[in-house]
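# Inside the fold
Okay, here's what each chain looks like letter by letter:
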Amino acid sequence: MSETEMSEPKVVESCDVDLFVIGGGSGGVRAARIAAGHGAKVMLAEEYRVGGTCVIRGCVPKKLMVYAGRFTDEFEDAAGFGWRLEKPSFDWAALKRSRDAEVARLEAIYGRNLAGAGVEVVADRAVIEDPHTVRLVGADRTVRARFILIATGATPVREPLIPGAELAIDSNGVFELERQPERILVVGGGYIAVEFAGVFASLGSRTTLLHRGASLLRGFDPEIAAALGEAYAKRMDLRLEQTVERLERDGTAIRATLSGGESLTVDCVLVATGRRPNVAGLGLERVGIDLDARGAIPVEADSRTKVPSIYAVGDVNGRAALTPVAIREGHAFADTVFGHKPWCVDHRLIATAVFSTPEIGVIGHNEDVARRCYEAVDVYKASFRPMKATLSGRDERVIMKVLVDRASDRVVGVHVLGPDAGEIIQAVGIAVTMGATKADFDRTIAVHPTLGEELVTMRTPFVVKHPVGVG
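Residues numbered from 1 in each chain as written. Predicted model: local features only at pLDDT ≥ 70, side-chain atom pairs only at ≥ 80, totals over all residues. Heavy atoms only, no water.

### Quick word on the overall build of the protein chain
Along the protein chain, the regular secondary structure elements total twelve helices and 21 strands. At 24 Å, the protein chain has a C-alpha radius of gyration in line with the 23 Å of a compact globule built from 471 residues. Seen through its principal axes, the protein chain has C-alpha atoms that stretch 70 × 65 × 45 Å. In the protein chain, buried positions account for 50% of the 471 residues. For the protein chain, contacts bridging at least 24 residues in sequence account for 63% of all contacts bridging at least 6. (Helix = DSSP H or I, 4+ residues; strand = E, 2+ residues; numbered from the N terminus. Rg over C-alpha atoms; globule rule 2.2 N^0.38 Å. Buried < 20%, exposed > 50% of the residue type's maximum accessible area, 1.4 Å probe, protein only. Contact = heavy atoms within 4.5 Å.)

### Some words on the side chain of serine 392
Note that serine 392 resides in helix H10 (residues 387-392). When its relative accessible area of 18% is taken as the criterion, serine 392 is described as buried. Here the side chain of serine 392 touches aspartate 77 through a polar contact of 3.5 Å, side chain to side chain. Within the structure, the side chain of serine 392 is placed 3.2 Å from the backbone nitrogen of arginine 394, a separation counted as a polar contact. (Polar contact = N/O pair within 3.5 Å; in protein donor to acceptor, adjacent residues only side chain to side chain.)

### Things to note about the packing of aromatic side chains
Summed over all chains, the structure comprises eight aromatic pairs. Taken together, a centroid distance of 5.7 Å and an interplanar angle of 80 degrees make the contact between phenylalanine 147 and phenylalanine 338 edge-to-face. Here the residue phenylalanine 147 occupies a position in strand S6 (residues 141-150), and phenylalanine 338 occupies one in helix H8 (residues 323-338), the gap between them amounting to 191 residues. As far as burial versus exposure is concerned, phenylalanine 147 and phenylalanine 338 are alike and both buried. (Phe/Tyr/Trp six-rings, centres within 6.5 Å; stacked < 30°, edge-to-face > 60°.)

### A few points about the sheet that holds strand S11 (residues 244-250)
Spatial strand order, S11-S12-S13: three strands in an open sheet with antiparallel pairing. A single partner strand is all that each edge strand has here, and the edge strands are S11 and strand S13 (263-266). Across this sheet, the average inter-strand angle for adjacent strands is 20 degrees, counted without regard to direction. Summarising the sheet, S11 and strand S12 (residues 253-258) pair through six bridges and their orientation is antiparallel. Paired with arginine 249 across the bridge in S12 is isoleucine 254. (Pairing = 2+ DSSP bridges. Axes fitted to C-alpha atoms, helices over the stretch in contact; angles between N-to-C directions.)

### Structural notes on the sheet that holds strand S17 (residues 352-354)
Strand order in the open sheet formed by five strands is S17-S18-S21-S20-S19, with antiparallel pairing between adjacent strands. In this open sheet, the two strands that pair with only one neighbour each are S17 and strand S19 (377-384). This sheet shows a mean twist of 10 degrees between the axes of neighbouring strands, independent of strand direction. Sitting on the sheet, helix H11 (residues 421-433) touches S17, strand S18 (360-364), strand S20 (398-405) and strand S21 (411-417), and the angle it makes with S18 is about 10 degrees.

### Regarding the UniProt feature "domain: Pyridine nucleotide-disulphide oxidoreductase dimerisation" (unreviewed entry) in the protein chain
UniProt records the feature "domain: Pyridine nucleotide-disulphide oxidoreductase dimerisation" (unreviewed entry) for residues 350-458 in the present numbering. Note that residues 350-458 is 28% helix and 28% strand, and that its end C-alpha atoms are spaced 23 Å apart. (UniProt positions renumbered as here; feature names shortened; annotations may be inferred.)

### What about the packing of helix H3 (residues 59-78) against helix H4 (residues 92-117)?
The N-to-C vectors of H3 and H4 enclose an angle of 145 degrees; their axes lie 10 Å apart at closest approach. Classified by chirality, the crossing of H4 by H3 is right-handed. On the side of H3, the interface is formed by Val60, Pro61, Leu64, Met65 and Ala68, while H4 contributes Trp92, Leu95, Arg99, Glu102, Val103 and Leu106. Among the residues making up the contact of H3 with H4, the classes are represented as nine nonpolar, no polar and two charged. (Left-handed = near helix turned anticlockwise from the far one by under 90°. Nonpolar A, V, L, I, M, F, W, Y, C, P; charged D, E, K, R; others polar.)

As structure tokens, this is what we get:
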């Protein structure tokens, strides 16, 4: 590759590679492959397993477990549709074997794809020595690179630290459990906590979900978060505005003392109170990169750090801790630096899903934020029983909200709670990203009978009790 094809500030002599990627997760792998495709010589270091959090210990294995849990409802619903089934039983070990085999298969595919692109993969820990040098710790050798990309993701935290915290597991530990806990306490109220609490409850574990806040899923639309709380209260022991004071061993079990003085005896405690950028021991201080207040690496719109030769993509930069965002940032970096095709990721509209049961899909503002951002907001809402529940008898509701900026008629937020919400929001996200208006939704012919048709058949704004435009 010629020097003019690389957007670097100056020529660096005696480099071993054009790009050194630290971290083999989704963002790092995408950047490495695209850069190699543009002709760059690329080396990638991963100290654990290629695939990162999403493939190895996150999105993929977690959703496989979500699917497993949802069969409980499917078996129960079947009776309403005329099926007569013997009482089913669940085998945790069988699920673990199948799940782990699928993860290994995907990991192998990632490795083959990197090799096919010409990327050299090193199973080692890499740390930064200077703006153009990394050291492979295990091999005790250095590699010179024109550019360094940090793609080390995030790591679970167990906070606040309490006496006996070592008795708990984090989200990584879930995938190492050899046996299903009969009783489990899940601590936290975000994505990870609600998803795993839903999994364990659905699989038959006596589940307690405990969160210090007044509602689950901080930052989500309050109405959607409240509806999830109501649904979870029927599926498990949901405790809000409580904390764990200490954990103690009680024979083979664990006794958790709560903030109100009550104690719970469980077989497993899962602390899922958040994740922080994985930067420990990376050597950032050697190149003068300071972390922001959240512990993330500050970057410009193009993912460049304050050091011109060092970039950071994905969870480690703290912009949006979502796998598709890391992939897009990695792709944009490689195209910009090595492909002579500069572009930046637009972080303003990101569709996302929470694989709770019921599921949640979201794009755009929640209602509170929309009212602060726009002078007048029209809110369209629908709440109904899904068609499937009419025969199964399940006590289940679907909630949909469409938020519209009245001045422009543009849709600025869509929120769905119910079956297949993630699939629905992916399709809706295309329209919202393109700037669809409520009139565009209205002139779209519905697909009947579906859940999603409600999004294009809502005609009358919901009348709020406080003046429109007041947050």
